[in-house]
Amino acid sequence: QQANAAAQRAGKDERVYLTVGRAMLLVNRPADAARFFAAGVKIAPDDPEAITRLGIAKAAQGDRAGAERLFREALGITADYGPALQALAQLRAGR
């Protein structure tokens, strides 16, 4: 509930949504994390961090195809974005 309240107060600041999403992943709530990351992507659709984090949450939910699509999307924006490259490699390695 506190996470939802913080995100609602954030308005158009995608960083708050990303921070709450990371917290949701830390407590093993990938579906909630995906919801917050998706809100961040909606605010900043060209932010490779937001897109990559959404992909990580999708992978944690078992959506490997969706995760790969998002990692590739992030790399389409910034070809050498390290976190997306690493996440894609881990996905391919089956982790």
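Attention here is on the structure that accompanies the text. Keep in mind that what you see is a predicted model, and the values were worked out from it rather than measured.

Here we take up the packing of aromatic side chains. The description of an aromatic ring pair rests on the distance of the ring centres and on the angle between the ring planes. Evaluation of the coordinates by the stated rule reveals zero aromatic pairs. A cation over an aromatic ring shows up here: arginine 35 above the ring of phenylalanine 36, its NZ or CZ 4.7 Å from the ring centre.

In an α-helix, one full turn covers 3.6 residues, which means residues spaced three or four apart are oriented alike. Of the residues making up helix 6 (residues 82-92), those classed as buried are Ala84, Ala87, Leu88 and Leu91. Across the axial projection of helix 6, the buried residues extend over an arc of 100 degrees, all falling on one side. Directly after helix 6, the chain includes glycine 94, whose backbone phi takes a positive value near 85 degrees.

Given a rise of 1.5 Å per residue, 14 residues ought to cover 20 Å, and the 20 Å separating the end C-alpha atoms of helix 5 (residues 64-77) matches this to within 8%. Among all positions of helix 5, only Gly66, Ala67, Leu70, Phe71, Ala74 and Leu75 are buried. Turning to helix 5, the residues buried within the fold contact helix 4 (48-60) and helix 6.

This next bit is on the nonpolar core. Grouped together as the largest cluster of nonpolar side chains are 23 residues, with contacts concentrated most on Phe37, Leu54 and Phe71. Secondary-structure elements contributing two or more residues to this core are helix 2 (14-26), helix 3 (30-43), helix 4, helix 5 and helix 6. Once residues lying within four places of it in the same chain are set aside, the contact partners of leucine 54 are Ala34, Phe37, Ala38, Val41 and Leu70.

Tracing the sequence through the fold places glutamate 49 in helix 4. When its relative accessible area of 17% is taken as the criterion, glutamate 49 is described as buried. In sequence terms glutamate 49 and tyrosine 81 are 32 residues apart; their C-alpha atoms lie 8.5 Å from each other. Setting aside anything within four residues of it in sequence, one finds glutamate 49 in contact with Arg15, Leu18, Arg22 and Tyr81. At 3.3 Å, the side chain of glutamate 49 forms a polar contact with the side chain of arginine 22.

As a further point, take the side chain of aspartate 47. Within the secondary structure, aspartate 47 is located in the loop between helix 3 and helix 4. Accessibility expressed as a relative area gives 10% for aspartate 47, which makes it buried. Reaching out from aspartate 47, the side chain makes a polar contact with the side chain of arginine 15 at a distance of 3.1 Å. Polar side-chain contacts of aspartate 47 include one of 2.9 Å to the backbone nitrogen of glutamate 49. Beyond its immediate chain neighbours, meaning those up to four positions away, aspartate 47 contacts Glu14, Arg15 and Leu18.

Parameters and conventions
- Note that residues are indexed from 1 along each chain, following the sequence as it is written.
- Where local features are concerned, this predicted model is filtered to residues with pLDDT of at least 70; where side-chain atom pairs are given and counted, the filter is 80 or more; whole-chain, interface and lining totals use all residues.
- The side-chain quantities take in all heavy atoms of the structure and omit both hydrogens and water.
- Centres within 6.5 Å are what make two rings of Phe, Tyr or Trp a pair, Trp counting through its six-membered ring; a difference in plane orientation under 30 degrees is then read as stacked, over 60 as edge-to-face, and the rest as tilted.
- Look at NZ for Lys and CZ for Arg. If either is within 6 Å of the ring centre and within 35 degrees of the ring normal, a charge sits over the ring.
- The buried label applies to any residue whose accessible area, calculated with a 1.4 Å probe on protein chains only, is under 20% of its type's maximum; exposed applies above 50%, and partly exposed to all values in between.
- Runs of H or I in DSSP of at least four residues are treated as helices and runs of E of at least two as strands, each being numbered from the N terminus.
- What the arc covers is the set of directions going from the helix axis to the C-beta atoms.
- Given the number of residues in a helix, its expected span is that number minus one, multiplied by 1.5 Å.
- Only heavy atoms matter for contacts: two residues are in contact if any of them lie within 4.5 Å across the pair.
- Note on terminology: a nonpolar core comprises buried Ala, Val, Leu, Ile, Met, Phe, Trp, Tyr and Cys residues joined through side-chain atoms within 4.5 Å.
- Polar contacts, as used here, are pairs of N or O atoms within 3.5 Å; protein pairs need one atom able to donate a hydrogen and one able to accept it. Residues neighboring in sequence count only if both atoms are side-chain atoms.

Such coordinate-based values are descriptive only and should not be taken to indicate function.
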